[in-house]
Amino acid sequence: MPGRREQNTPRVASSLASAISASPDVRNGGHASADAWPIGVDLREERLFRALDDDNDQAVRLRDFERVFAEVGLKSHDKRLHDSLGLLKHRIETARQVTDEITLKISRTDFYQAIRHNILLIERAVQGRMVIPDFQGFANELERIFEQVRQNKAGAPADYIPQLNLQGAAADSFGMALCSIDGQRLSLGDAKEFFSVQSTSKPISYCIALEEHGAETVHRFVGREPSGAGFNEIALDKADRPHNPMINAGAIMTCALIGLGDKETLSPGSHDGLADARGWSGRRFDNVMKRWAKLCGNDLPRFSTSVFLSERETADRNYALAYFMREKNAFPNNVDIHDVLEFYMQCCAIELNCELMSIVAATLANGGICPVTGERVFRTETVRNCLSLMSSCGMYDFSGEFAFTIGLPAKSGVSGAVMVVVPNVAGFCIWSPRLDELGNSVRGIDFCQRLVNAFNFHSLDDLSWHSSKKDPRMNPIQVKARQVNELIWAASKGDLGAIQSQLQRDVDAACADYDLRTPLHLAAAEDQRHVVQFFIDEATHQGRNLDLNPKDRWGGTPLDDAYLQGHASLIELLEKAGAIRGDGTYGNSDDAAGAKAQALLDSPKTDELIWAASLGDIVAVRRLAAQGIPLETADYDYRTALHLAAAEGHLEVVCYIIAHGVPVNPTDRWGNTPLNDAIRHGHDEVAEVLRTHGGACREEETSMMRAKTDPAEARMAAER
Ligand code: GLN
């Protein structure tokens, strides 16, 4: 890969480049020692400010600040952010009256004030440390899945409750919403349309009963085994209890338990306020609604009178179930089954939309604490019990299949709602009224299936980032850094055990980093004889296709590395195995000796930073800067983020790094500075920016030499 020549025509620096402030007092940016920072400043707040102050002009653009929240999936109406953003908007409005320029910017003092009362959430947003870090990427995938599922027109709305039997376009309604445990939100399709919750009320009623009576008492009246039968089957277990709380009989039973304690202590007809038994059913329903509101992040659920009436008129099966259970003495004392049935049907007629239902699911995913209010709604043990039963019994007589193929706690309802919980990650709600013959939403199941095919959300999926499924808990750059750079590091350090364990997890031995450097290059460069031998064995092993002569960015092979570093016995070993030289034009590593030693080596965040720079991912670079990762750190070849941003021509990233006070002339293993990279790859604008800020290079590409290319000379050098 011959180096490209620098063009002679001078270029005008872009406005982006000229916007970089490089006054000497701020040259250390956010990444120098604390004593270079303004006095009296909170370092944590200052770090965020500097990470967002792209061009180091001591102000943060409001647009950039707001974009941070959009990027992580926090909505501008998020109650938690409301105060902080409101305060800023107010200040900006005031400033707007004075001057135009300032309308776009937030001063340091205003920034501090705005973030102070919300520092933890804002810090995590700016640092990209949300449970789903690459929220945009995840959202794009979900949209793709959603559109595929939309094509599925199978099934029909429930018809045994007349009000649920939607016709025409209404039958094809389709919505999806997601809320993560950090309150990251996504809504698709008809996510704002209200529908009755039906059986998705069952887990909530079960939780309320658990909170009131404890698991032991509740399970004296209802079992916890899948029934293997339809949701409204007239059947009890061997102890004459309903099989579980997720089917009709069980939910009628948990409804019978809710508020029962209060009722027993009330005296009928007494008139002294709260102790009055009259109005007890109303208060019980109010309490349930209050609980739902808390689960929804203090938003109000609705109630559908027509669905309630419609169901009551056609509830023969549920009446039959209740009479059957009464005949078997299954209810606690003092239960009026007509009252209980009405209450059960009222719970089914509560109305939510996908957006609210996803917050309910997220509250369960978050162990009972609502992610958007931070308020505890249920105890952790309550939620654990509920999720266990949703996992084994939540999808009617499809529960076993669902647990096997999808592996997530979920609950469906005959209105077409499916509530899915990914514990410790997020809650989903999918709503589409067409049902299959078991009563589950066809599109709901289809969506879940595609979701776990794409992401490692099945509770038994491999969580070690090596399965072919994506892990939304990691951003793609993290995954790359963990797989590729860790293996290369291990090779450069001679850690054969780590290499073997990575390979067993299906990491590719031929993987290459942003400079196309491979484990074998580094093993050769660092004279790791047993690692080189291991890779030679791999290459000659039948069925494995490991190339002994991969070429890096400079055209060099592992054998070139061995020559360049003068490792004579490695050269022999590699040549015997058939390795050949490339046409690597690296420069002269001797020139680099002094500067290289100063490079700060850090891992694995360094690897992420360099990948981000090489991909031009300014959002990721900013997030790492906000985490306090020094922008000048170098990898195993002493390559830095600035080298890679320059090599790939990412001007915005180059400007950001320079504005943050990073030295512009770090040298890599071969003595190349970022300017060398920019020139070699013909990125004139980047080269000019680097020169403007003191960029120098070992030598221009015109005189680039092939270092120690003569094998004889290399051998002699090694012997000396
Ligand atoms: N209200 C419905 C019923 O009792 C709930 C059933 C369901 O959603 N599976 O029949």
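As the structure is a prediction and not an experimental result, all values here were calculated from the model.

### Examining the overall build of the protein chain
- Scanning the protein chain from terminus to terminus reveals 32 helices and 10 strands.
- For the protein chain, with 720 residues in total, the buried portion stands at 57%.
- Pairs at least 24 apart in sequence give 71% of the contacts found in the protein chain among residues at least 6 apart.
- Just so you have it, the protein chain exposes about 29,300 Å², and 49% of that area is on carbon and sulfur atoms.

### Here we look at the pairing of strand S9 (residues 417-422)
- Counting buried positions along S9 gives 6 out of 6 residues, so the element sits mostly inside the fold.
- By the alternation rule, side chains of S9 split into Ala-417, Met-419 and Val-421 and Val-418, Val-420 and Val-422, which are all buried.
- The sheet contact formed by strand S8 (residues 410-412) and S9 spans 3 bridges and is antiparallel. Residue pairing in the sheet places Ala-410 in a bridge with Val-420 of S9.
- Hairpin connection of S8 to S9: 4 residues between the antiparallel strands, including Gly-416 at a positive phi of 105°.
- Here S9 hands over to strand S10 (residues 426-431) after 3 residues, with Asn-424 in that stretch at a positive phi of 65°.

### Focus on the sheet that holds strand S3 (residues 175-180)
- With respect to topology, 5 strands assemble into an open sheet ordered S4-S3-S10-S9-S8, the strand pairing being antiparallel. At either margin of the open sheet sits one strand with a lone partner, and together these are strand S4 (185-189) and S8. Strand-to-strand twist across the sheet, computed as the mean angle between neighbouring axes with direction ignored, equals 10°.
- With respect to the sheet, helix H7 (residues 135-150) is in contact with S3, S4 and S10, its orientation differing from that of S4 by roughly 20°.
- Seen against the sheet, helix H15 (residues 354-365) touches S3, S4, S9 and S10 and runs at an angle of roughly 145° to S10.

### Quick look at the site of the ligand
- Neighbouring the ligand are 13 residues, the closest being Tyr-160, Gln-198, Ser-199, Glu-311 and Tyr-396.
- One of the side-chain N or O atoms of Asn-248 is found 3.0 Å from an oxygen atom in the ligand.
- Taking Tyr-344, its side chain carries an N or O atom lying 2.6 Å from an oxygen atom of the ligand.
- For the ligand, the accessible surface in isolation is 290 Å², of which the surrounding protein chains cover 99%.
- Per-class residue counts for the shell around the ligand are 6 nonpolar, 5 polar and 2 charged.

### Examining the nonpolar core
- Counting 110 residues, the largest nonpolar core has Leu-142, Met-176, Leu-178, Leu-352, Phe-428, Phe-447 and Phe-457 as its most contacted members.
- Considering each element in turn, this core owes the most residues, 9 residues, to H15.
- Residues in contact with Leu-352, not counting those within four places in the same chain, are Glu-193, Phe-194, Phe-195, Val-197, Trp-292, Cys-296, Pro-301, Met-357 and Val-360.

### Describing the environment of Ala-277
- If you trace the backbone, Ala-277 turns up in the loop between helix H10 (260-265) and helix H11 (280-295).
- Separated by 15 residues in sequence, Ala-277 and Asp-262 place their C-alpha atoms 8.9 Å apart.

### Overview of the pairing of S10
- Within S10, 6 of the 6 residues are buried, which leaves it mostly tucked inside the rest of the structure.
- The two faces of S10 match: Ala-426, Phe-428 and Ile-430 on one face and Gly-427, Cys-429 and Trp-431 on the other face are all buried.
- The sheet contact formed by S3 and S10 spans 6 bridges and is antiparallel. Considered in S10, the bridge of Gly-175 is made with Trp-431.

### Looking at helix H16 (residues 380-393)
- The first and last C-alpha atoms of H16 sit 20 Å apart over 14 residues, in line with the 20 Å expected at 1.5 Å per residue.
- Those residues of H16 that sit buried are Thr-382, Val-383, Asn-385, Cys-386, Leu-387, Leu-389, Met-390 and Cys-393.
- Close packing links the buried residues of H16 with helix H8 (201-221), H15, helix H17 (399-405), S8 and S9.

### Considering the confidence of the model for the protein chain
- Looking at the protein chain, pLDDT values average 87 and 85% of them are 70 or higher.
- Under a pLDDT of 50 for its full length, residues 1-19 has, in the predicted model, 34 contacts with residues more than four places off or in other chains.
- Within the model, pLDDT remains below 50 along residues 21-35, and this stretch shows 30 contacts once partners closer than five positions in the same chain are excluded.

### Concerning the packing of helix H13 (residues 316-327) against helix H14 (residues 337-348)
- Two numbers describe how H13 lies on H14: the axes approach to 10 Å, and their chain directions differ by 140°. What the angle tells us is that H13 and H14 run oblique. With respect to the hand of their crossing, H13 and H14 are arranged in right-handed fashion. Residue-level contacts link Asn-318, Tyr-319, Ala-322, Tyr-323 and Arg-326 of H13 to Ile-337, His-338, Leu-341, Tyr-344 and Met-345 of H14.
- Partitioned by chemical class, the residues of the contact of H13 with H14 number 7 nonpolar, 2 polar and 1 charged.

### Section: the sheet that holds strand S5 (residues 195-196)
- Taken together, the 3 strands give an open sheet; going across it, the order is S5-S7-S6, and neighbouring strands pair in antiparallel fashion. Two strands close off the open sheet at either side, each with one partner strand: S5 and strand S6 (302-303).
- Examined bridge by bridge, S6 and strand S7 (residues 350-352) share 2 bridges and lie antiparallel to one another. For Arg-302, the partnering residue across the bridge sits in S7 and is Glu-351.
- Strands S6 and S7 of the sheet are contacted by H11, whose axis makes an angle of about 15° with S7.

### Description of the packing of aromatic side chains
- On inspection of all chains with the given rule, the structure shows 19 aromatic pairs.
- Judged by centre distance (5.0 Å) and plane angle (20°), the rings of Phe-195 and Trp-431 are stacked. In this pair, Phe-195 sits in strand S5 while Trp-431 sits in strand S10, placing the two residues 236 residues apart along the sequence. Each member of the pair, Phe-195 as well as Trp-431, carries the same accessibility label: buried.
- Look at Phe-285 and Phe-303: their rings are 5.5 Å apart centre to centre, the planes differ by 75°, and that puts the pair in the edge-to-face class. Taken together, the residues Phe-285 in helix H11 and Phe-303 in strand S6 connect sequence positions 18 residues apart.
- What makes Phe-285 buried here is its relative accessible area of 14%.
- Look at Phe-303 and you get partly exposed, because its relative accessible area is 30%.

Analysis parameters
Residues numbered from 1 in each chain as written. Predicted model: local features only at pLDDT ≥ 70, side-chain atom pairs only at ≥ 80, totals over all residues. Heavy atoms only, no water. Helix = DSSP H or I, 4+ residues; strand = E, 2+ residues; numbered from the N terminus. Buried < 20%, exposed > 50% of the residue type's maximum accessible area, 1.4 Å probe, protein only. Contact = heavy atoms within 4.5 Å. Areas by Shrake-Rupley, 256 points an atom, 1.4 Å probe, with all protein chains shown as cover. Pairing = 2+ DSSP bridges. Axes fitted to C-alpha atoms, helices over the stretch in contact; angles between N-to-C directions. Near = heavy atom within 4 Å. Polar contact = N/O pair within 3.5 Å; in protein donor to acceptor, adjacent residues only side chain to side chain. Nonpolar A, V, L, I, M, F, W, Y, C, P; charged D, E, K, R; others polar. Core = buried A, V, L, I, M, F, W, Y, C linked by side-chain atoms within 4.5 Å. Expected span 1.5 Å × (residues − 1). pLDDT = per-residue confidence, 0-100. Parallel < 35°, antiparallel > 145°, perpendicular 65-115°, else oblique. Left-handed = near helix turned anticlockwise from the far one by under 90°. Phe/Tyr/Trp six-rings, centres within 6.5 Å; stacked < 30°, edge-to-face > 60°.

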